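Take a look at the letters that make up each chain.
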Amino acid sequence: MRPDQDPVIEVEDLAVHYRLQGGALARLLGLETRTVKALDGVSLQLGRGEVLGVVGESGSGKSTLGRAMLGLAPATAGSIRYRGHDDAEAQLVSAMSPRALRGLRTDVQMVFQDPGAALNPSMTIERAVGDPLVVHGLASGAELRRRVHEALERVGLSPVERFASKLPADLSGGQKQRAVIARAIIMGPQVLVADEPISMLDMSVRAKILQLMLDLKSDLGLTYLYITHDLASAKYFCDRIAIMYLGRVVEIGPTAEIFAAPRHPYTQALLAAVPDPDPTRMLPRDLPRGEVPDAAEPPSGCAFHPRCPAAFAPCGWEARDLRDQLERYWAGSGLADYESDARVVGDLGAVGTHRDGGLRISTRDPDAAAALLDRARAADVTDPFWRGVTGWRTESDGVRIDLAPGQEPRLRVAPGGEGRVEVACHLHDPSVSHADTPGP
Amino acid sequence: MARRVRTPRVFQTIWNTQGLARYLFLTGVLITGVFVVFALLAPWIAPYDFAQRSVDGVRFPKLAGASGEHLLGTNDQFYDIFSRVIWGARTALLVVGLSILLSAVVGVPLGIVSGYTGGWFDRITVFLMDALYSFPSLLLAIVFSFLLRNAIGGGILAAALSLTAIYIPQYFRVVRNTTVAAREATYVEAARAIGAPPVTVMRKYVFGNVVQSVPVIGTLNAADALGTLAALGFLGLGIQPTEASEWGYDLSRALDDVSAGVFAPAFWPGLAIIALITGLTLVGEGLNETLNPALRRRRLRPVVLTPREEA
Amino acid sequence: MTSVPGDPSQPREVVLEAEDLRVWYGTERGPVRAVDRVSFDVRRGEILGLVGESGCGKSTLGRGLLGLLPDGAARDGALRFEGQDMLSMRPRDQYAMRGARLGMIFQEPLTRLNPLMRVSDHFTETLRAHEQGLSGAEVERRSLEALRVMGIPPTRYRAYPHEFSGGMRQRIMIALTLVLRPAFVVADEPTTALDVLVEAQIVRTLHDLRATYETAMLLITHNLGIVAEACDRVAVMYAGRIVEIGEAREVFARPRHSYTRELLRSTITLSTEGLEFIGGSPPDLSEPPPGCSFHPRCPDAMQICATRAPRARITDAGSRVSCWAADIADGAPVAADLSAEDRSPLTTEEVLVADEA
Ligand SMILES: Nc1ncnc2c1ncn2[C@@H]1O[C@H](COP(=O)(O)OP(=O)(O)OP(=O)(O)O)[C@@H](O)[C@H]1O
Ligand SMILES: Nc1ncnc2c1ncn2[C@@H]1O[C@H](COP(=O)(O)OP(=O)(O)O)[C@@H](O)[C@H]1O
Ligand code: SF4
Ligand code: SF4
Ligand SMILES: [Mg+2]
Ligand SMILES: [Mg+2]
């Protein structure tokens, strides 16, 4: 947010946790069910008239953040403060009554990812677009008709007569998305939460819808929360960008600075993954391995560490990292190696966490296990995992592996960048020692 | 993206179905249509009233054979069989129609509210409905008609209400399950996002999209309801002969005569039951096939590649 | 990343060749000309990208090549695969060929994997169906090798599909397709349902695969960037026809056809500085416009475009393109015959803002 902007919405330490339904037996016995931390301590401010991009892979909590802004996702902790018009009192969204929440929704509106699903299949476009006014009792009869037609024209669905009486099934994807936008702007909202508004549209339609959103912004003075997984459109469209990973903001700052000098390894990875049709700009790229982990069991320390190419000692290494490391080793080595090793570590069942910290491999042949570690390390010494291993030694019934203590990186102002970029990564934390821990 | 053509009207779709399915459906419509005509025009078609045993003070004969006065003869209660069969169509369609309507009127809203609100209310209703559903339906109907007979007597309404109780769970289950799915649909979330209160969401956004399966359940239930009604009558628990003409009752009364060698009093009501059940089943299956997307088959139009024109 | 294994000066043999291929659907509105007179070939170990707007016939072409068409559809023309004529082949021979020599990779991997079968069972079933008499050890060796190439560790061989993430499932699907070592594979938007990073990983893997398997591939995608990164050549499809086909670098660096150029311009990339788009929407393929089917939307359209379809022409760079404006710009001989009247700009009716796909 620029200093000259006052915030419309302030999100502070927001957490949204979903309790997952366990198996039938677990529920019957009242056992502990797993929770997903869809959002886990997110703070950000949405300045009046700005476009804030929220970028991340699926499951990073982008949609949950957008839905929480409208009170559609229940906040587990933290607060969302909405400051409507300039003179209005700030209101706490998370503490609103259902009635007050419905009132909020004249000011904060939403555009959805799948235009085919966002419209009631059995309502005509005219009724669907006018329904917010009907629901809030703001217009009826000729006035309602006039305002619906005005909104449809505003989003380019003209001549209105051609579209008004159609059902959603009769419109193309782009046209449906225009109708969804018309419905969102008809009450004259302040803020529009756009959840991946173009990602399900045909590529030749995307630019048109983005252009429409830009026009609406300048004509109606809208503020956008633009949720996307596509950095290219975010770069063009947003003033500021927040990068999210597993329920947290890992980097946030002005678009230009994020793109000129991405600081967080995850941001760098996302940028490297944007495919570019221009052959002159195609570069060989380093991509992080693996995929977004299960949000119900996030990795310890920095949640990105299993995929981070720059991860080092304090990033939070744990037992599954060693299992992944061995799997990667076997995927690269021959089958014969795998078969003999599997006898020693029993298909990874033997790798666990030691009672007093560190890891252990329980086996009757500790020397073979230690040899396996040697081989795995030698096969890829540069792998970040080995930076977290401080050493290992054989014991009577296994091998004990010592790890550097992990800690969680916090979002802090990044050095340089005039203090406008915040990043959550140990690499950019001066208080963390950056000396790589040498292996045994 | 392919533009979807607007779903054609139901009857056009049915008309367009081909082969055996179409003839079966048309046969069903024809049979049911005949009975509908009987029901609507009963006073004009039937020579006598359903509870009439005499004309101009002259009592009808008992178990008379077919004759000019009594087209199909009379039964052991001195009723005119032809008149009873015609009037019976009115009873049957009235009871079946009423019970289906009532069970839909109760089952659909209950299903929507239960599915949409969830929580303990949902759990309790689902439990109750499942309990009702797992009960043998005839047994349930018997229990209800016993209870209702004391309260409102043994007429058409009582019969319809006992059948209603059987079919409510069917509407409830289907509607509730579609509602649970619809609750997660984006357009329902969108309705909440524009600030619609729950009642509005259910009425405007959920209702229209979950009732689509109701007509199908209705037509499929009709035949079943008719069978249950006849069974109730057969057991003497349904409609009393003085309240309305009911085939099942007549059939049960006539069974003794069959052993005595008189077939007409049992044959005609029995035939009526079988014919109408068949007709309703054919209509129901036909509608199901065209209305139920899971069973719908796309019509094939083999394409003919025209010769290439030289550029 | 763009180097092709083998000696580039030695043209590799053609695996699949389509000539004047048509695939039409029958509908109530008459025939839909989803693929109309398409010609191209694919060589061993080559990835041919196929791009175009939605509804231009990409999937139809992909399925048509394998004979996976719904009832009521028909195809004609010529289609040769490893020298055999596919169109006159008996259905059961075609059936035997699919899977073994011809493969297909779909968009949603989960719907294609049986949730009750282990990964190992999927491989066993696939291998045994096409190669009778394989020993158990041989099946396992081949399967693990295919999985290894796709980056799935051997420890997961006996896991169930639901135990994998979306990207891993798609890798397993690809491994399942490649384990039979087909000569030609159609991949219809294999990464569209995946996350950006995973998509990039898989595109990378597909690109590297050619060296190991020498499989020719038709890669259908909406994403021009993916084509630029993974494909050797690219075909641009519009309204059922291939309007331009050539080396991917060449086509993207110097698009000749107006549609290719407009498509590239309307793609939002990291270097986008202003939004551009093509007005209107692709035509209804049951009544394609006369002449060049792109003329109602083409900014370069001339009088001739509305009446005469442009002929295919091989450019100096070796691409094949069908566009009058390109003919004129390149000074092709046909352009010389065009009158001033023919070349005068076509005045099109104003296209509506929302007339879009
Ligand atoms: N089974 C079918 N019957 C009739 N028409 C069809 C059928 N399948 C596709 N079509 C039509 O054929 C044309 C081409 O469709 P196709 O699916 O090949 O397009 P596509 O280029 O793959 O589009 P997308 O990018 O959306 O996947 C469209 O006009 C479509 O409506
Ligand atoms: N209603 C819900 N119930 C349970 N888990 C949910 C729910 N909504 C989202 N989640 C989980 O929360 C996490 C974040 O989801 P979401 O906000 O949709 O991410 P994104 O939009 O970035 O893809 C995911 O792991 C998702 O599975
Ligand atoms: S803290 Fe930074 S370096 Fe460490 S794993 Fe996380 S992103 Fe990578
Ligand atoms: S032939 Fe004409 S209308 Fe078609 S793309 Fe070329 S210039 Fe445009
Ligand atoms: Mg989302
Ligand atoms: Mg397709």
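Rules used throughout
Residues numbered from 1 in each chain as written. Chains lettered and ligands numbered in written order. Predicted model: local features only at pLDDT ≥ 70, side-chain atom pairs only at ≥ 80, totals over all residues. Heavy atoms only, no water. Helix = DSSP H or I, 4+ residues; strand = E, 2+ residues; numbered from the N terminus. Areas by Shrake-Rupley, 256 points an atom, 1.4 Å probe, with all protein chains shown as cover. Rg over C-alpha atoms; globule rule 2.2 N^0.38 Å. Buried < 20%, exposed > 50% of the residue type's maximum accessible area, 1.4 Å probe, protein only. Contact = heavy atoms within 4.5 Å. Lys, Arg positive; Asp, Glu negative; His and termini not counted. Charge placed at Lys NZ, Arg CZ, Asp CG, Glu CD. Buried area = accessible area lost by both parts, 1.4 Å probe. Salt bridge = Lys/Arg side-chain N within 4 Å of Asp/Glu carboxyl O. Polar contact = N/O pair within 3.5 Å; in protein donor to acceptor, adjacent residues only side chain to side chain. Nonpolar A, V, L, I, M, F, W, Y, C, P; charged D, E, K, R; others polar. Pairing = 2+ DSSP bridges. Phe/Tyr/Trp six-rings, centres within 6.5 Å; stacked < 30°, edge-to-face > 60°. Domains from an automatic or database assignment. Near = heavy atom within 4 Å. 1 Å grid on protein atoms, 1.4 Å probe; cavity = no way out; pocket = protein on both sides within 12 Å on 5 of 7 lines; lining within 4 Å. Points joined across faces, edges and corners; volume = space filled by probe spheres on them. pLDDT = per-residue confidence, 0-100. Patch = residues over 30% accessible without salt bridge, like charges linked within 9 Å, V, L, I, M, F, W, Y side chains within 5 Å. Axes fitted to C-alpha atoms, helices over the stretch in contact; angles between N-to-C directions. Expected span 1.5 Å × (residues − 1). Arc of directions from axis to C-beta.

Chemist: Is there a simple way to think about the overall build of chain B in this case?
Modeler: Along chain B, the regular secondary structure elements total 12 helices and 2 strands. Overall, chain B shows an N-to-C arrangement of helices and strands of α-α-α-β-β-α-α-α-α-α-α-α-α-α. Just so you have it, chain B exposes about 15900 Å², and 66% of that area is on carbon and sulfur atoms.

Chemist: Is there a simple way to think about the overall build of chain C in this case?
Modeler: A tally of helices and strands in chain C yields 13 helices and 12 strands. Taking 2.2 N^0.38 as the reference for a compact globule, 357 residues should give roughly 21 Å; the C-alpha atoms of chain C span a radius of gyration of 22 Å, in line with that estimate. For the C-alpha atoms alone, the extent of chain C along its principal axes is close to 75 × 50 × 45 Å. For chain C, buried positions account for 57% of its 357 residues. By sequence separation, contacts in chain C at least 24 residues apart represent 65% of the contacts at least 6 residues apart. Surface accessibility of chain C: about 14500 Å² in total, with carbon and sulfur atoms responsible for 48%. Charged side chains of chain C number 41 positive and 50 negative; the gap between the two group centres comes to 6 Å.

Chemist: What should I look at first to understand the interface of chain B and chain C in this one?
Modeler: Often the size quoted for an interface is simply the accessible area lost on bringing the parts together. Contacts between the two partners involve 14 residues from chain B, matched on the other side by 21 residues from chain C. Surface buried jointly by chain B and chain C totals about 1500 Å² across both partners, of which 51% is contributed by carbon and sulfur atoms. Taken together, the connections running from chain B to chain C amount to 0 salt bridges. At the junction of chain B with chain C, the criterion picks out 1 residue pair in polar contact (both at pLDDT 80 or more). For the side of chain B that touches chain C, the residue count by class is 8 nonpolar, 1 polar and 5 charged.

Chemist: Mind showing me how you'd approach the interface of chain A and chain C here?
Modeler: Residue-level contacts link 62 residues of chain A with 55 residues of chain C. Here chain A meets chain C over a buried area of about 4800 Å², counting both sides, of which 61% is carbon and sulfur. Considering only the side of chain A, the residues that lose the most area to chain C are Met203, Pro277 and Glu291 of chain A, jointly responsible for 15% of the buried surface there. Taken together, the connections running from chain A to chain C amount to 1 salt bridge. A salt bridge links Arg156 of chain C to Glu327 of chain A, with the shortest nitrogen-to-oxygen separation between them at 3.5 Å.

Chemist: Just checking my understanding: could you explain the sheet that holds strand β7 (residues 184–188) of chain C for this structure?
Modeler: To summarise the sheet geometry, strands pair through backbone hydrogen bonds and adopt either a parallel or an antiparallel arrangement. Taken together, the 8 strands give an open sheet; going across it, the order is β6-β7-β8-β3-β9-β10-β12-β11 (chain C), and neighbouring strands pair in mixed fashion. Edge positions in the sheet fall to β6 (102–105) and β11 (313–314) of chain C, since each of these pairs with one other strand and no more.

Chemist: How should I be thinking about the pairing of strand β6 (residues 108–111) of chain A in this particular structure?
Modeler: Moving residue by residue along a regular strand, the side chains alternate between the two faces of the sheet. Residues and elements named next belong to chain A. The side-chain alternation of β6 yields two buried faces, one formed by Val108 and Met110 and the other by Gln109 and Val111. In this sheet, strand β7 (residues 191–195) lies alongside β6 in parallel orientation, the contact comprising 4 bridges. Counterpart to Val108 in the pairing with β7 is Val191.

Chemist: Looking at this model, I keep getting lost on the packing of aromatic side chains. Mind explaining?
Modeler: Two descriptors summarise a pair of aromatic rings, namely the distance from one centre to the other and the angle between the planes of the rings. All names here are of chain A. Summed over all chains, the structure comprises 16 aromatic pairs over all chains. The interplanar angle of 70° and the centroid separation of 4.8 Å between the aromatic rings of Tyr226 and Phe237 together place this pair among those described as edge-to-face. With Tyr226 in strand β8 (residues 223–228) and Phe237 in helix α10 (residues 231–237), the pair connects residues that are 11 residues apart, well separated along the chain. Judged on exposure class, the residue Tyr226 and its partner Phe237 are both buried. Here Trp330 and Tyr338 contribute two aromatic rings whose centre-to-centre distance is 5.3 Å and whose plane-to-plane angle is 65°, an arrangement assigned as edge-to-face. Note on Trp330: relative accessible area 2%, which makes it buried.

Chemist: Could you clarify how one ought to interpret the domain arrangement of chain C in this entry?
Modeler: Residues and elements named next belong to chain C. Each domain of chain C was delimited in the assignment, giving domain 1 (14–245) and domain 2 (258–278 + 288–356). Placing the centre of domain 1 and that of domain 2 at their C-alpha centroids yields a distance of 31 Å. Every contact between the two is made by 14 residues of domain 1 and, on the other side, 14 residues of domain 2. Where domain 1 meets domain 2, there are 1 salt bridge. Residues Glu53 and Arg297 are paired through a salt bridge, measuring 3.0 Å at the closest nitrogen-oxygen approach. Joining domain 1 to domain 2, the criterion identifies 7 residue pairs in polar contact (both at pLDDT 80 or more). Contributing elements (two or more residues each) for the side of domain 1 that touches domain 2: β2 (30–43), β9 (233–238) and β10 (241–247). Counting residues per element, the side of domain 1 that touches domain 2 draws most heavily on β10, which supplies 4 residues. Within the side of domain 1 that touches domain 2, the residues separate by chemical class into 9 nonpolar, 2 polar and 3 charged.

Chemist: Would you take a moment to explain unusual backbone geometry for this structure?
Modeler: Residues apart from glycine generally show negative phi values, whereas peptide bonds are mostly found in trans. All names here are of chain A. Note that the residue after Ser158, namely Pro159, is joined by a cis bond; omega there is 0°. Relative to the assigned elements, Pro159 resides in the loop between α6 (141–154) and α7 (160–164). With a phi angle near 45°, Glu196 is a residue other than glycine that sits in the positive phi range. Counting through the fold element by element, Glu196 comes out in the loop between β7 and α9 (203–220).

Chemist: What is the right way to read the site of ligand 2 from this model?
Modeler: All names here are of chain A. Around ligand 2, the neighbouring residues are Tyr18, Val36, Ala38, Glu57, Ser58, Gly59, Ser60, Gly61, Lys62, Ser63, Thr64 and Ala295. Backbone polar atom of Ser60 to an oxygen atom of ligand 2: 3.2 Å apart, as the coordinates give it. In this structure, Gly61 approaches ligand 2 through a main-chain N or O atom, which is 3.0 Å from an oxygen atom. Considered on its own, ligand 2 offers 560 Å² of accessible surface; in the complex 67% of this is hidden by protein. Put simply, the parts of the chain that give the shell around ligand 2 at least two residues each are β2 (35–47) and α2 (62–69). Looking at the shell around ligand 2, the element that brings in the most residues is α2, giving 3 residues. Partitioned by chemical class, the residues of the shell around ligand 2 number 4 nonpolar, 6 polar and 2 charged.

Chemist: What is the right way to read empty space enclosed by the protein from this model?
Modeler: Space left empty within the atom packing is revealed by a probe, the size of a water molecule, rolled over the atoms. Residue and element names in this part refer to chain C. Enumeration according to the criterion identifies 8 cavities of 30 Å³ or more in this entry. Approximately 90 Å³ is the volume found for the largest cavity. Taken together, 14 residues form the lining of the largest cavity, with Cys292, Cys298, Cys305, Cys323 and Trp324 sitting closest to its centre. Split by residue class, the lining of the largest cavity holds 10 nonpolar, 3 polar and 1 charged.

Chemist: Teacher, can you tell me more about the confidence of the model for chain B here?
Modeler: Regions with low pLDDT should not have their predicted coordinates read in detail. Residue and element names in this part refer to chain B. In this model, chain B carries an average pLDDT of 82, and 89% of its residues clear a pLDDT of 70 or more. Per-residue pLDDT, averaged within each element of chain B, yields its smallest value for helix α1 (residues 10–16) (62) and its largest for helix α5 (residues 119–134) (92). Within the model, pLDDT remains below 50 along residues 1–8, and this stretch shows 12 contacts once partners closer than five positions in the same chain are excluded.

Chemist: Sorry if this is basic, but what is going on with a nonpolar patch on the surface here?
Modeler: Residues and elements named next belong to chain B. On the surface, Val36, Val37, Leu40, Leu41, Trp44 and Ile45 cluster together into a nonpolar patch covering about 580 Å² of accessible area. Element by element, the count of residues in the nonpolar patch is highest for helix α2 (residues 20–40), at 3 residues. Among the secondary structure elements, Val36 is positioned in helix α2.

Chemist: Explain the sheet that holds strand β1 (residues 7–19) of chain A to me, please; I cannot follow it from the model alone.
Modeler: Residues and elements named next belong to chain A. Strand order across the open sheet formed by 4 strands is β2-β1-β4-β5, with antiparallel pairing between neighbours. Every other strand in the sheet has two partners, leaving β2 and β5 (90–92) as the edge strands with one partner each. In this sheet, adjacent strand axes meet at a mean angle of 20° when their direction is disregarded. The sheet contact formed by strand β4 (residues 77–83) and β5 spans 3 bridges and is antiparallel. Within the sheet, the bridge partner assigned to Tyr82 lies in β5 and is Gln91. Packed onto the sheet, α2 meets β1, β2 and β4 and runs at close to 120° relative to β1.

Chemist: Hey, could you run me through the pattern of salt bridges in this one?
Modeler: Opposite charge on two side chains allows them to pair when their charged atoms are near. If you walk through the whole model with that rule in mind, you get 53 salt bridges over all chains. With a shortest N-O distance of 2.3 Å, Lys204 of chain B and Asp131 of chain A are connected by a salt bridge. Of this pair, Lys204 of chain B sits in helix α9 (residues 198–210) while Asp131 of chain A is found in helix α5 (residues 125–135), placing the two residues in two different chains. Each member of the pair, Lys204 of chain B as well as Asp131 of chain A, carries the same accessibility label: buried.

Chemist: Would you mind showing me how to read α2 of chain B here?
Modeler: Working note: α-helix, 3.6 residues per turn, so residues spaced by three or four point in the same direction. All names here are of chain B. Between its terminal C-alpha atoms α2 stretches 30 Å, which fits the 30 Å expected from 21 residues at 1.5 Å a residue. Taken residue by residue, α2 has Phe25, Gly28, Thr32, Phe35 and Ala39 as its buried positions. Angularly, the buried residues of α2 cover 95° about the axis, an arc narrow enough to put them on a single face. Turned more than 90 degrees off the buried face of α2, the exposed positions are Tyr23 and Leu30.

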